Structures are given as C-alpha cells and as structure tokens.
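Below, each chain spelled out in residue letters.
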Amino acid sequence: MSQAEARQTQRVVLQVNGQRHELDVEPRWLLADVLRHQLGLTATHVGCEQGVCGACTVLVDGKPERSCLMLAVQAEGCEVTTVEGLTPAAGLSPLQAAFQQHHALQCGFCTPGILVTMEALLRENPHPDEATVREALSGNVCRCTGYQFIVDAVLAAAKEGR
Amino acid sequence: MKPVAFAYYRPQSLAEAVRMLREHPGSKPIAGGQSLIPLLNFRMARPEALVDLNRIPGLDEVEVRGQRLRIGGLVRHQQLHEHPLVRQHWPVLAQAAGEVGHWAIRNRGTLGGSLAHADPAAELPAVMVAADAVFELVSADGVRQVPAREFFYGYLMTALQPDEVLAAVELPLASGTSWGFAEVARRPGDFALAGAICECRPDGTGAVTWFAVGGGPERHELVVAADANERAAQWQDLAATLDAQDDYRRHLAAVVAETAYLRSLGRDGQ
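Here we summarise the structure given alongside this text. (Residues numbered from 1 in each chain as written. Chains lettered and ligands numbered in written order. Predicted model: local features only at pLDDT ≥ 70, side-chain atom pairs only at ≥ 80, totals over all residues. Heavy atoms only, no water.)

**Quick notes on the environment of A:Gln50**
Rules: Counting from the N terminus, the helices are DSSP H or I runs at least four residues long and the strands are E runs at least two residues long. Classification of residues uses two cut-offs on accessible area relative to the type maximum, computed with a 1.4 Å probe and protein chains only: under 20% is buried, over 50% is exposed, and between them is partly exposed. We call two residues contacting when some pair of their heavy atoms lies within 4.5 Å.
Position of A:Gln50 relative to the elements: it lies in the loop between α2 (31-38) and β3 (57-60). The class for A:Gln50 is partly exposed, based on a relative accessible area of 34%. For the pair A:Gln50 and A:Pro88, spaced 38 residues apart in sequence, the C-alpha separation works out to 31 Å. Sequence-distant contacts of A:Gln50, defined by excluding residues within four places in its chain, comprise A:Cys68, A:Leu69, B:Pro38 and B:Phe42.

So, in structure tokens, the structure goes:
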C-alpha cells in the first residue's frame, strides 16, 4: 500500500440529522472533521481528539459517541445526530431553553456535546436523579461555568417533561 | 493532530477479516477504536491499513454454553455492563465494565479491543485474569485457545499475533466464590491509579488481582485474614512485591484490595 493509494478517497453515504449525504472521504478522516468541514455542521466541536473532553459527542444510532474517535467511513449505515439535528427550525428545544434559563453555559464550547449527551440521557431516563445526571455528565468537560448550573438545567428540563 | 493515511477494509465475516490481516502486512484490526484512534490521532500508531471488525455478524453475542459464559469480542462495554446474563453469572464483570471510561466511550469500546490493547490501567483484563477466562484467538490458520493468565505479558503486550483477532472469551460459571471490585481514579472515568478484584471462596481461601499498579493484571492467592489489622499487613506485604512506579501506588493497592475484600463480603468499603 503506497501513501498515494491510501490517500485515495472513498465514496460513502452518511445519514446525518435525517438527511442523506454522498461524500468522498479519505479513510483517515474523523467523523468530527467530516461533519464540520464537508457538511458544515460546525456545532460539533473538536477539543482534545482523544475522547476525554466530550466536545465532539454526537448521537450514533441514538447513543452518545465521540465523533473524534470514529472514522467517517465507519459511520456509513448509521444515523448520526448532531446538536443541529436536535434544534427546532425556530427557537430552542426545551433542553436548550433550560440551559439558557439556568445560565448553563458561558463560552459554549462544550455545550453541543453536553446537549446531545443529556438529550440521550433524558430519552433513556426521562426522570433522572441528580447523581444519574452527574454520572452521565462526567464524560463532558466544561471549563467555565462549573457544572452546577448544567445539572440544574437538565433537572429542570426533566421536571418540565422537556 | 490527525491520523496518517491508511487503507480501510470492512470485511463481512471473520474468515475474510483474518485473510485480510494476513494479506496486508502492517494492517491492524479496529473494533471500537477508543484506544486505537487516539493513538492514530497522535500518530503513535501508523498502520498501513485498518481492518474494521464492526460489521462482522456473530461477534457481539453473549450466551451460556455448557458450564461457561461466552462473550463475543465485539460486545461493547455498556452492553457488558447491562447484559442480564453477565449480571446474573458475572456481576463483578458487569460492574467493572461500568467503570470503563465514560458513557460515550462505553457505547463504542469493545471487550476484545480492551483485552487486545492491554492498557495496564484497564479493568477488563484484570477481571479476565481473576475469572480464569479463556480467549479464543482466530487467524487464517484456525483457532487457538489461550488462557487469560498466559495472555498478558506486560505494558500493552499480549500473546495476540498481528494477524489474529480476539473473537470471544469464555468464563467458567461462578461456583460459590464471592467477588468484590474496587478502583481509585482522580475523577470518575479517568484511568485508574489502582484497582483490585478480590475473590473469596467458602473454604476461606481467596485471591486478589490488581490492575493499574504494575504493567498488567497481577493475581496473588492467599488465605485472607479475618482480623482487620492482620489483613492490612497482608495487603501491605503483597503490595510491596508489586512492580509499582512509586510507594503511593503500593499504598493505594492495599486500599483497593481491602475495599474489594469488604465488597466481596457484601459490606461496602468506604
């Protein structure tokens, strides 16, 4: 295998936020980068590129996974959902609105990854207790607000039935 | 950083996968990729090709076969954590799987991948050593069975050959032994600083298997003292023999062993 051969692109079909996309990607391209650069879905942020920070978290077949630890070619046949796909055409989702009301973000870099993770949590467990929220949140690093307001927002959204 | 260029193959069967690994020197299997892709991103791993095991049917099953619990290499940590058969027969394995990384990592990372990668701080290799599991390694030449206790050589080194796939593990069905698990990490989901699995048999004999202290799982048989002070001395003496990087790790090794022991008795260690 020469480098030239390895750098050839492959045609893949990705299903993202309910839309079908045919794309040419190099095998080495990360799903996070393809979402951002090929599809322009720039809400998914790339932080640490080693799975620790959680900023790039997206839903793959409904489950939170790291888009920096998945190749775009591997997402073929899966339904990928980014925070854009969780946002209504106008306004905010109930979870997003709760984040706004409870000041659960400051710079916003971590917010998309946290929103998709918490959305998945609330779908699986509509009435989580605080410990469950904190455990699910433990995979997402926020460096400005602290976590208290985020937990408040998620619990409030759960209480209001999102 | 971003990975170097590599070719990508997606076999539809295990036979096709091991043939590809044989045909393409410098190729590497990828399953969940939760350890491999960080290494690719940092360019610490530079494979010529990746053989993606994710679409191979039959590798993600959990079943009881005779007197053994059989778990496919492609079972994800979160599945392992939640699976009714694992919870019934090997609750300590289900518990350990829930301590691997974070939720998003557990949704993708696989049992086979964790065992093949053999990170010294990983929980699952230690559970396999404690449980006396047997691994099924498949290559183009056929299948070989390797006991977990002979599989791990040390830091990231195992008996797995470059053209082999860890297809399944088999654990004996538990037999009156009680188990406890404990680990210490700086934050939830971080790599453990020290961890232990304690087993206590009805006849009073037992064993402790440590992880994250040295280069891999380390299992020691002993008759655990009923007296807490005697026990503390036992843990300290054993921990002193570990190839740990510092005394703090040895101290933590004794702490997690005691907690795991108390949990094996159904008492919650603090």
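**Regarding the sheet that holds strand β6 (residues 134-139) of chain B**
All names here are of chain B. Rules: For two strands to be treated as a pair, DSSP must find no fewer than two bridges joining them. All axes are obtained by fitting lines to C-alpha atoms, using only the stretch in contact for helices, and the reported angles, taken between N-to-C directions, cover 0 to 180 degrees.
Taken together, five strands build an open sheet; the order of strands is β4-β5-β10-β6-β7 and the sheet is antiparallel. Edge positions in the sheet fall to β4 (62-65) and β7 (142-147), since each of these pairs with one other strand and no more. In this sheet, neighbouring strand axes are inclined to one another by 25° on average, regardless of whether the strands run parallel or antiparallel. Two strands pair when backbone bridges link them, and β6 and strand β10 (residues 165-172) are joined in this way by five bridges, in the antiparallel orientation. Its bridge partner lying in β10, Leu 137 is registered against Leu 166.

**Focus: helix α5 (residues 111-124) of chain A**
Residue and element names in this part refer to chain A. Formally: Residue count minus one, scaled by 1.5 Å, sets the expected span of a helix.
Its 14 residues place the ends of α5 20 Å apart at the C-alpha level, agreeing with the 20 Å of an ideal helix rising 1.5 Å per residue. α5 sits mainly inside the fold: twelve of its 14 residues count as buried. Listing the buried residues of α5 in full gives Thr 111, Pro 112, Gly 113, Ile 114, Leu 115, Val 116, Thr 117, Met 118, Glu 119, Ala 120, Leu 121 and Leu 122.

**A word on the pattern of salt bridges**
To keep things clear, this is the line we draw: By definition here, a salt bridge exists when the distance from a side-chain nitrogen of Lys or Arg to a carboxyl oxygen of Asp or Glu is within 4 Å.
Tallied over the full model, the rule gives 26 salt bridges over all chains. Of the charged contacts, one joins B:Arg106 and A:Glu135 as a salt bridge, the two residues approaching to 3.4 Å between their closest N and O atoms. Taken together, the residues B:Arg106 in helix α6 (residues 103-106) and A:Glu135 in helix α6 (residues 130-137) connect one chain to another. Residue class for B:Arg106 comes out buried when judged on its relative accessible area of 6%. For A:Glu135, a relative accessible area of 39% puts it in the partly exposed group. If you follow the salt bridges from partner to partner, you end up with A:Arg11, A:Arg20, A:Glu22 and A:Asp24 in one network.

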